[in-house]
Amino acid sequence: MTRIRTAAAVLAAAALLFTACSDDDEPNATTGTSESSGDETTEADAGDNPYGTTEAAEEETTESSEATDSTEAAEGATIAVADSDLGSILVDGQGNTLYLFTSDTQGEPTTCTGGCAAAWPALTGTVAAGDGVDESLIGTVANDDGTEQATYNGWPLYYYAQDTGPGDTTGQGVGGVWWVVDAEGNAIES
């Protein structure tokens, strides 16, 4: 899992570097955000940035040299429900928080591509139901890049590259569009 997060962070830094080199101040077509001339995203303006990245995270990412496919699910991956400060939420078999993106449409391919996908790696492949999960809500959706992304209640599932371990929920509410998922497959918007 650490290798997946490391690769996601490397991809996020590369995407941000590419975005920073752009000449225009037009909104990013994938995320609807405007580019900023500031060097660092602060906690105060992270809500306007669906990537939720910071300069410190980019520097840490750049220093890493290990790379793997950031969207590859482990064989036999499981999703379960775990208690958190936000209530009962979906996690993977290692306890890492899973998120949904409200710009997606239930049952449809992801709309999180490019730099967004680097910051929010997809949970791909078929997953099994763990504790507290309704197996009938588990599925997959075929994305345009050929991957099969795991879904719950029709919502494509994601990790947040800046979560550093089991139980982290630092992606909660980023950009007002990224939320943890409850046992019924709904966003917990708190």
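What comes next is a walk through the structure.

What counts and how
Residues numbered from 1 in each chain as written. Predicted model: local features only at pLDDT ≥ 70, side-chain atom pairs only at ≥ 80, totals over all residues. Heavy atoms only, no water. Helix = DSSP H or I, 4+ residues; strand = E, 2+ residues; numbered from the N terminus. Phe/Tyr/Trp six-rings, centres within 6.5 Å; stacked < 30°, edge-to-face > 60°. Buried < 20%, exposed > 50% of the residue type's maximum accessible area, 1.4 Å probe, protein only. Core = buried A, V, L, I, M, F, W, Y, C linked by side-chain atoms within 4.5 Å. Contact = heavy atoms within 4.5 Å. Pairing = 2+ DSSP bridges. Polar contact = N/O pair within 3.5 Å; in protein donor to acceptor, adjacent residues only side chain to side chain. Disulfide = S-S within 2.5 Å.

## Digging into the environment of tryptophan 120
Line of reasoning, step 1. Locating tryptophan 120 in the fold gives a position in the loop between helix H3 (115-119) and strand S4 (128-129).
Line of reasoning, step 2. Residues tryptophan 120 and tyrosine 99, 21 residues apart in the sequence, show an inter-C-alpha distance of 8.7 Å.

## What about the packing of aromatic side chains?
Line of reasoning, step 1. Within this structure, the stated rule accounts for seven aromatic pairs.
Line of reasoning, step 2. With 5.4 Å between their ring centres and 80° between their planes, tyrosine 99 and tryptophan 120 make a pair best called edge-to-face. Of the two residues, tyrosine 99 sits in strand S3 (residues 99-101) while tryptophan 120 sits in the loop between H3 and S4, which places them 21 residues apart along the sequence.
Line of reasoning, step 3. Taking the relative accessible area as the measure of exposure, tryptophan 120 reaches 0% and is therefore buried.
Line of reasoning, step 4. Taking 4.1 Å as the distance between ring centres and 10° as the angle between the ring planes, the aromatic pair formed by phenylalanine 101 and tryptophan 178 counts as stacked. Of this pair, phenylalanine 101 sits in strand S3 while tryptophan 178 sits in strand S8 (residues 178-181), placing them 77 residues apart in sequence. Here the two residues phenylalanine 101 and tryptophan 178 agree in accessibility, since each one is buried.

## Considerations on the nonpolar core
Line of reasoning, step 1. In this structure, Tyr99, Phe101, Cys112, Trp120, Tyr158 and Trp178 are the most contacted members of the largest nonpolar core, which totals 16 residues.
Line of reasoning, step 2. Contributions of two or more residues to this core are made by strand S2 (87-92), S3, H3 and S8.
Line of reasoning, step 3. Once residues within four sequence positions are removed from consideration, phenylalanine 101 is found in contact with Thr111, Cys112, Trp155, Tyr158, Val177 and Trp178.
Line of reasoning, step 4. In this structure, Val127, Tyr152, Trp155 and Leu157 belong to the second largest nonpolar core, which totals 15 residues.

## Comments concerning the pairing of strand S6 (residues 148-152)
Line of reasoning, step 1. Most of S6 is tucked away: four of the five residues are buried.
Line of reasoning, step 2. Bridging between strand S5 (residues 138-142) and S6 involves five bridges; their strand directions are antiparallel. For threonine 140, the partnering residue across the bridge sits in S6 and is alanine 150.
Line of reasoning, step 3. Connecting S5 to the antiparallel partner S6 that follows it, the hairpin turn spans five residues, and glycine 146 within it adopts a positive phi of roughly 95°.
Line of reasoning, step 4. Of the pairings in the sheet, the one linking S6 to strand S7 (residues 155-156) comprises two bridges and is antiparallel in character. In the sheet register, threonine 151 faces S7, and the bridge partner there is proline 156.
Line of reasoning, step 5. Where S6 hands over to S7, the hairpin turn is made up of two residues, of which asparagine 153 adopts a positive phi near 55°.

## Digging into the sheet that holds S5
Line of reasoning, step 1. Ordered by their spatial adjacency, three strands build an open sheet running S5-S6-S7, and the pairing between neighbours is antiparallel. The open sheet has two edge strands with one neighbour each: S5 and S7.

## Some details on the environment of tyrosine 152
Line of reasoning, step 1. Residue placement: tyrosine 152 occurs in strand S6.
Line of reasoning, step 2. Judged by its relative accessible area of 0%, tyrosine 152 is buried.
Line of reasoning, step 3. Residues tyrosine 152 and glycine 139 lie 13 residues apart in sequence; the distance between their C-alpha atoms is 6.2 Å.
Line of reasoning, step 4. If near-sequence neighbours (up to four positions away) are discounted, tyrosine 152 is found in contact with Ile79, Leu90, Val133, Asp134, Leu137, Ile138, Leu157, Val181, Asp182, Ala183, Glu184 and Gly185.
Line of reasoning, step 5. Engagement of the side chain of tyrosine 152 in a polar contact is seen with the backbone nitrogen of aspartate 134, the distance being 3.0 Å.

## Overview of the pairing of S8
Line of reasoning, step 1. Where S3 meets S8, three bridges bridge the pair, whose relative direction is antiparallel. Across the sheet, leucine 100 pairs through a bridge with tryptophan 179, a residue of S8.

## Observations regarding the state of the cysteines
Line of reasoning, step 1. Evaluated as defined, the whole model comprises one disulfide.
Line of reasoning, step 2. The partner cysteine of cysteine 112 in its disulfide is cysteine 116, sulfur to sulfur 2.0 Å. Where cysteine 112 bonds to cysteine 116 through sulfur, the torsion about that S-S bond is close to -110°, and the disulfide is left-handed.
Line of reasoning, step 3. Judged by relative accessible area, which is 4%, cysteine 112 ranks as buried.
Line of reasoning, step 4. Accessibility expressed as a relative area gives 1% for cysteine 116, which makes it buried.

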